[in-house]
Amino acid sequence: MDIQREARGEKCKPRKLKNFMSIKTLLVFINCIFMAVGQIAGVMLVRIYFLHGGKRKWLQAFLLTAGFPILVLPIAISYAKRRKAKTETNRVILTPKLILASAILGLLFCVCSYLYTFGMSYLPVSISSLLASTSLAFTAIFAYFFVKHKFTHYSINAVVLMTFGSIILGLHMNGDRPKGESNRQYVLGFVMTIVGAALHGFVNAGVEYSHIKAGVVVTFDLVMQMQFLICIFSTLFCVVAMIINEDFQAIHREAGEFRLGQNKYYMILALSAIALQIMIIGNLGLIFSSSALLSGIVNSLLVPVQQIFAVMFLPESFNAEKWMALAMCLWGFASYFYGEYKASLKVTKTKHATQPDQV
């Protein structure tokens, strides 16, 4: 068939390049789904915890990475496949440099988790979800300095649109203020959320930078092992903070006073840990399969989606400002992906021009 096409003067597409692009696209899609499920469900569950009497902020920060044992399953499956294939990579592939980077990123992620949960304890989902949009701008800035990520007018357009969308939401932040909450608590929660967003952007760019400076081939196995370590270090740092804050002693008492009941209290904690770990898998997986900037774009796209779920399941409203923010986020997301599509076409054409025809 290829010979007949060659006889007609048609060029044969490099199959390896085509397969690579399809696998990469599939990974991006799967990780986007993980981020969507984890971020929407996780944030909703954390907010429900605080709305019905939960007060332990370090406990919620701990739950953000406490689900790391889930990662044992994909790591074990990958290990078994390599062992069956008798490959030379049948071992832990993290270097001392990557272990140190994982420890530092784990500490930063621990602080970031606490800032997020602090903001969610005082802010409604429609406002606390601002962190996703503002983290995009910080991710873009840090990615530019750390990994020299080149901007196009499509990606700049996406950043600007989503940032303005978050500003529009911020202008209406008093509308869903919880009853009995002071101005000081509300402002403090908002500030802590923005600081958490900045740190989140720094961590995203730091993960991508560690991949570039790894000194070894960055594979899916290496990314999973590094993510496992980051989550372990973050969880350990949170455990230390919980011991100092005496959170472990307070869990049983808080469960008994929880307004939805003790059983639902523990169920919410367990489901939060699972959902938030799925979110982290999607976030770091997206950085591996694409870039930190795309991770920030997807985070921002999920902001208005969280608004919709908050209106459906929580006592929050969805007004004209939020509809406008939704439209701007969707517009920005479409702009970014159109730019990526054009860039991939350009790369494919370059590959076809430089590689000999495969017959």
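So, how was this worked out
Residues numbered from 1 in each chain as written. Predicted model: local features only at pLDDT ≥ 70, side-chain atom pairs only at ≥ 80, totals over all residues. Heavy atoms only, no water. Helix = DSSP H or I, 4+ residues; strand = E, 2+ residues; numbered from the N terminus. Buried < 20%, exposed > 50% of the residue type's maximum accessible area, 1.4 Å probe, protein only. Contact = heavy atoms within 4.5 Å. Areas by Shrake-Rupley, 256 points an atom, 1.4 Å probe, with all protein chains shown as cover. Polar contact = N/O pair within 3.5 Å; in protein donor to acceptor, adjacent residues only side chain to side chain. Disulfide = S-S within 2.5 Å. Phe/Tyr/Trp six-rings, centres within 6.5 Å; stacked < 30°, edge-to-face > 60°. Core = buried A, V, L, I, M, F, W, Y, C linked by side-chain atoms within 4.5 Å. Salt bridge = Lys/Arg side-chain N within 4 Å of Asp/Glu carboxyl O. Axes fitted to C-alpha atoms, helices over the stretch in contact; angles between N-to-C directions. Parallel < 35°, antiparallel > 145°, perpendicular 65-115°, else oblique. Left-handed = near helix turned anticlockwise from the far one by under 90°. Nonpolar A, V, L, I, M, F, W, Y, C, P; charged D, E, K, R; others polar. 1 Å grid on protein atoms, 1.4 Å probe; cavity = no way out; pocket = protein on both sides within 12 Å on 5 of 7 lines; lining within 4 Å. Points joined across faces, edges and corners; volume = space filled by probe spheres on them. Patch = residues over 30% accessible without salt bridge, like charges linked within 9 Å, V, L, I, M, F, W, Y side chains within 5 Å.

(A) Highlighting the overall build of the chain. Helices and strands together make up the secondary structure of the chain, namely 14 helices and 0 strands. In the chain, the order of α-helices and β-strands from amino to carboxyl end is α-α-α-α-α-α-α-α-α-α-α-α-α-α. Across the 359 residues in the chain, those meeting the buried criterion constitute 50%. Considering only intrachain contacts with a sequence separation of at least 6, the fraction spanning at least 24 residues in the chain is 86%. Of the roughly 18200 Å² of accessible surface on the chain, 69% is carried by carbon and sulfur atoms.

(B) Here's a closer look at the side chain of Asp247. Here Asp247 shows up in helix H11 (residues 247-257). A polar side-chain atom of Asp247 sits 2.9 Å from a polar atom in the side chain of Asn245. Ignoring sequence-local partners within four residues, the contact set of Asp247 consists of Arg56, Trp58, Leu59 and Met242.

(C) Structural view of the state of the cysteines. The tally for this structure, following the rule as stated, stands at 0 disulfides. Here Cys110 stays unpaired: no disulfide links it, and the sulfur of Cys238, its closest cysteine neighbor, is 3.4 Å away. Taking relative accessible area as the criterion, Cys110 reaches 3% and is therefore assigned buried. No disulfide involves Cys112; its sulfur sits 9.8 Å from that of Cys110, the nearest cysteine.

(D) The arrangement of the packing of aromatic side chains in detail. All told, the structure shown has 11 aromatic pairs when counted by the stated rule. When the centroid spacing of 6.0 Å and the interplanar angle of 55° are considered together, the rings of Tyr114 and Phe118 count as tilted. Of this pair, Tyr114 and Phe118 both sit in helix H5 (residues 96-122), 4 residues apart, which is roughly one turn of that helix. Residues Phe309 and Phe313 carry aromatic rings whose centres are separated by 6.2 Å and whose planes lie at 20° to one another, so their mutual orientation is stacked. Placement of both Phe309 and Phe313 in helix H13 (residues 292-313) is noted, with a separation of 4 residues, approximately one turn of the helix. Given a relative accessible area of 30%, Phe309 falls into the partly exposed group.

(E) A look at the side chain of Ser272. Tracing the backbone shows Ser272 in helix H12 (residues 262-289). In terms of polar contacts, Ser272 uses its side chain to reach the backbone carbonyl oxygen of Ile268, at 2.6 Å. Excluding residues that lie within four positions of it along the chain, Ser272 makes contacts with Leu45, Val46 and Leu63.

(F) Local environment of the nonpolar core. Tyr49, Leu59, Tyr265, Ile297 and Val298 are the most contacted members of the largest nonpolar core, which totals 76 residues. Ignoring sequence-local partners within four residues, the contact set of Tyr265 consists of Tyr49, Leu59, Ile251, Glu254, Ala255 and Phe258.

(G) Fine view of the pattern of salt bridges. According to the stated counting rule, one finds 1 salt bridge in the structure shown. Notably, a salt bridge pairs Asp247 with Arg56, separated by 2.6 Å at the nearest N-O pair. In this pair, Asp247 sits in helix H11 while Arg56 sits in the loop between helix H2 (15-51) and helix H3 (57-66), placing the two residues 191 residues apart along the sequence. Each member of the pair, Asp247 together with Arg56, is buried.

(H) Main features of unusual backbone geometry. With a phi angle near 60°, Glu246 is a residue other than glycine that sits in the positive phi range. With respect to the secondary-structure elements, Glu246 resides in the loop between helix H10 (220-245) and H11.

(I) Main features of the packing of H3 against H10. Closest axis-to-axis distance for the H3/H10 pair is 8 Å, and the angle between their directions is 160°. By the angle between their directions, the pair H3 and H10 is classed as roughly antiparallel. For the crossing formed where H3 meets H10, the hand is left-handed. The residues of H10 that touch H3, namely those facing Trp58, Leu59, Ala61, Phe62, Thr65 and Ala66, are Cys231, Ser234, Thr235, Cys238, Val239, Ala241, Met242 and Asn245. Taken together, the residues of the contact of H3 with H10 break down into 10 nonpolar, 4 polar and no charged.

(J) Quick look at empty space enclosed by the protein. Tallying each qualifying case throughout the model produces 4 cavities of 30 Å³ or more. Each pocket or cavity is described by its volume, and for the second largest cavity that value is around 40 Å³. For the second largest cavity, the full set of lining residues is Leu105, Phe109, Val203, Val207, Ile230, Ile280 and Leu284. For the lining of the second largest cavity, the secondary structure elements donating two or more residues are H5, helix H9 (183-212) and H12. The residue inventory of the lining of the second largest cavity, partitioned by class, reads 7 nonpolar, no polar and no charged.

(K) Broad picture of a nonpolar patch on the surface. A cluster of nonpolar side chains, contributed by Ile141, Tyr144, Phe145, Phe151, Ile156, Val160, Phe164 and Ile167, occupies part of the molecular surface with about 760 Å² of accessible area. Those elements that provide at least two residues to the nonpolar patch are helix H7 (130-146) and helix H8 (153-171). For the nonpolar patch, the leading source of residues is H8, giving 4 residues. Classification of Ile156 as partly exposed rests on a relative accessible area of 43%.

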